[in-house]
Amino acid sequence: MATLNDWMEGARVRTLPASLSPVILGAGIAAALKEFSWGFTLLAAGVALFFQIGANFANDYSDGIRGTDEFRQGPPRLTGGGKVEPKVVKRAAFISFGIACVLGFVLVALSGFWWLLLAGAAAVLAAWLYTGGKYPYGYMGLGEVFVLIFFGYMATIGTVYTQTGRAPLAAWLLATGVGLIACALLMVNNIRDIPSDTQAGKRTLAVLLGERKARWSYYAMLAVAVVLASSLVLWGYAVAVGFLGLLIWVVYLARPVIAGATGHNLLGVLRNTGLFELTYAVSVAAALVLGVFFSHWPWGIIGWVILGISWGTWILVEIALLAIRSSRTSHTPTSSTSTSSTSTQGDEDAATSDADSDAPEDDDASTTDDVTDNVAATDDNDNTDADDEDSTPKADEFAVTNSEADDSNSDNTAHGNSADVNSEGNDVTTDESGSVTVGEDSSVTTSEAESDNFELGDAPESDEDTSRSAGSE
């Protein structure tokens, strides 16, 4: 059974600021026009909020029954994850649409603009057909277009129009800005789902653009939105220059996206983009409202102060981070050199350790007990010091006549690697029980199945190790 948290995920709470932000912005524009109404604003917020929730449940239902969410990388959905029966999710979507329509009808009735009922009906159809129906436009790369229309223009201009009966140019520019942020929210969501959407045949705009272009388009949408907010300077709102400070936030939002973050690593970006949209709307609305009570140009000094503090702080932070990274980088070669020096000084110990660790254990299980006894017997007759610091065989033990093999042996021994030595002048005799005896002037011989090369591996510490290694061969 689905929990409350599952239903919250289904409603996609992270995206809900996309529905409230344009209403807040529209209310700020209405206040600047001195025709603000709390009642109309709350009704518009309710309409936008429940349309958004209904659209999210409808998307959950449609993608679930199509099988699109079978390849999903994000949190499991209600339908696709099997948490709730599809018909229950579908019912939740239509209940949300119903509440939105009731609130919208009240808003239209109070405003007297009855033609807006057509806009409300179009909104319901757009919400359902995003991923529902026979030809969902969300599968054709048109999702961002409809988001801009309904969560940019309709929500913002609709709020302004129902309260003032007007739709000034500044309202359209600001509606474009908040709509682009909503598009960026959808874009980063679809960037996360590019692998699964491609596999399921869902051709979102992110899939059509390709991952690299999609990531940069996210950056561009946010940056253009900030520039549009700053354009209020053209209408005498000098304080709007301070909105350019939001570009710093845009940089930090876009960094993980541009760097290639995927899957669950983009959930934080989704949340923060929603918060950015809400901050954007509240900041612009506040500037518009304060502009009613204060002279525009003197008030602009605060905008420049905000801008200076924002960019100054950002520059200092970036310099500090650069210094930290440079400090860490400068310490890396020293650490590497120290490690290399320590490794060189302890080469003999490393070679000895490698010889011990490389000595076959499990493979020796195939050696007969007689061989083991003979090796032990050979060990009792050895006079070689087992703790000898030089891990390489002495010259009088192995006379290697091939100078090229000698060079290879000494080089590989220094690095703890195995070497193949062509020992033409050394004899290795094997008795019937399998023990091996190495003579000073004999040539290397092995069983008939072995080759003429004697593989030393890491040099043994004593004759016991030599005998044991040759026995295993």
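Here is what the cut-offs are and how they apply
Residues numbered from 1 in each chain as written. Predicted model: local features only at pLDDT ≥ 70, side-chain atom pairs only at ≥ 80, totals over all residues. Heavy atoms only, no water. Helix = DSSP H or I, 4+ residues; strand = E, 2+ residues; numbered from the N terminus. Contact = heavy atoms within 4.5 Å. Areas by Shrake-Rupley, 256 points an atom, 1.4 Å probe, with all protein chains shown as cover. Salt bridge = Lys/Arg side-chain N within 4 Å of Asp/Glu carboxyl O. Buried < 20%, exposed > 50% of the residue type's maximum accessible area, 1.4 Å probe, protein only. Core = buried A, V, L, I, M, F, W, Y, C linked by side-chain atoms within 4.5 Å. Axes fitted to C-alpha atoms, helices over the stretch in contact; angles between N-to-C directions. Parallel < 35°, antiparallel > 145°, perpendicular 65-115°, else oblique. Left-handed = near helix turned anticlockwise from the far one by under 90°. Nonpolar A, V, L, I, M, F, W, Y, C, P; charged D, E, K, R; others polar. Patch = residues over 30% accessible without salt bridge, like charges linked within 9 Å, V, L, I, M, F, W, Y side chains within 5 Å. pLDDT = per-residue confidence, 0-100. Phe/Tyr/Trp six-rings, centres within 6.5 Å; stacked < 30°, edge-to-face > 60°. Lys NZ or Arg CZ within 6 Å of the ring centre and 35° of its normal. Arc of directions from axis to C-beta.

Digging into the overall build of the protein chain
Regarding its fold elements, the protein chain presents 17 helices and four strands. A sequence separation of at least 24 residues applies to 74% of the contacts in the protein chain between residues at least 6 apart. Accessible surface computed for the protein chain: about 24100 Å², of which carbon and sulfur atoms make up 60%.

What to know about the pattern of salt bridges
The final tally for this structure, using the stated rule, is six salt bridges. Ionic pairing is found between Lys87 and Glu85, a salt bridge with its closest N-O pair at 3.9 Å. The exposed category is assigned to Lys87, whose relative accessible area is 54%. Note that Arg215 and Glu211 form a salt bridge whose closest N and O atoms lie 2.8 Å from each other.

Looking at the nonpolar core
Taken as a class, soluble globular proteins show a tendency for nonpolar side chains to be buried jointly. Membership of the largest hydrophobic core comes to 80 residues, with the highest contact counts inside it found for Phe57, Tyr218, Leu222, Leu232, Phe276, Tyr280 and Val284. Element by element, the count of residues in this core is highest for helix α7 (residues 169-192), at 15 residues. Judged by nonpolar contacts, the second largest core, of seven residues, contains Val23, Leu43, Ala44 and Leu107.

Some thoughts on the environment of Ala254
With respect to the element layout, Ala254 can be found in helix α11 (residues 246-259). Spatially, the C-alpha atoms of Ala254 and Trp216 are 8.3 Å apart, while their sequence positions differ by 38 residues. Leave out the neighbours within four places in its chain, and Ala254 touches Tyr218 and Tyr219.

A few points about the packing of helix α3 (residues 38-66) against helix α4 (residues 86-111)
Interhelical geometry of α3 versus α4 gives an angle of 155° and a closest axis separation of 8 Å. Comparing the axis directions of α3 and α4 gives the class roughly antiparallel. Handedness of the α3/α4 crossing: left-handed. For the contact of α3 with α4, the residue count by class is 23 nonpolar, five polar and two charged.

Some thoughts on a nonpolar patch on the surface
Residues Val102, Phe105, Val106, Leu110, Trp114 and Leu117 make up a contiguous nonpolar surface patch of roughly 570 Å² in combined accessible area. No other element matches the four residues that α4 contributes to the nonpolar patch. Relative to the helices and strands, Val102 is located in helix α4. Note on Val102: relative accessible area 52%, which makes it exposed.

Considering the confidence of the model for the protein chain
Of all residues in the protein chain, 67% have pLDDT values of 70 or greater, and the mean over the chain is 74. No element of the protein chain has a lower mean pLDDT than strand β4 (residues 454-455), which averages 38, and none a higher one than helix α10 (residues 211-230), which averages 95. Counted against residues more than four places away or in other chains, residues 334-473, with its pLDDT under 50, gives 128 contacts.

Observations regarding the side chain of Thr79
Mapped onto the elements of the fold, Thr79 is located in the loop between α3 and α4. Assessed through its relative accessible area of 9%, Thr79 is described here as buried. Contacts of Thr79, omitting those with residues within four sequence positions, involve Asp60, Tyr61, Gly64, Ile65, Val84, Pro86 and Val89.

Brief notes about the packing of helix α5 (residues 116-129) against helix α6 (residues 143-164)
Where α5 meets α6, the closest approach of the two axes is 12 Å, and the angle between their N-to-C directions is 155°. Here α5 lies roughly antiparallel to α6, going by the angle between them. Like other packed secondary-structure pairs, α5 and α6 cross with a definite hand, here left-handed. Where α5 abuts α6, its residues Leu116, Ala119, Ala122, Ala123 and Ala126 lie against Phe146, Phe150, Met154, Tyr161 and Thr162. Across the contact of α5 with α6, the residue classes break down as nine nonpolar, one polar and no charged.

So, the packing of aromatic side chains
Applying the stated rule across the entire model yields 16 aromatic pairs. Ring geometry for Trp115 and Tyr161: centres 5.8 Å apart, planes at 70°, overall edge-to-face. Placement of Trp115 in the loop between α4 and α5 and of Tyr161 in helix α6 is noted, with a sequence separation of 46 residues between them. For Tyr161, a relative accessible area of 21% translates into the label partly exposed. By way of ring pairs, the aromatic residues Phe51, Tyr61, Phe94, Phe97 and Trp128 are connected into one cluster. We note Arg66 situated over the ring of Tyr139; from NZ or CZ to the ring centre the distance is 5.4 Å.

Things to note about the side chain of Thr156
Secondary-structure assignment places Thr156 in helix α6. Given a relative accessible area of 0%, Thr156 falls into the buried group. With residues near it in sequence (within four places) discarded, Thr156 still touches Pro22, Leu25, Gly26, Ile29, Ala171, Ala175 and Val178.

Some details on helix α1 (residues 4-11)
Where α1 is concerned, the buried positions are Asp6, Gly10 and Ala11. All buried residues of α1 project into a common sector of 140° when viewed along the axis, lining one side. Its buried side turned inward, α1 meets α3. Taken from the residues just after α1, Arg12 is the one with a positive phi, measuring 55°.

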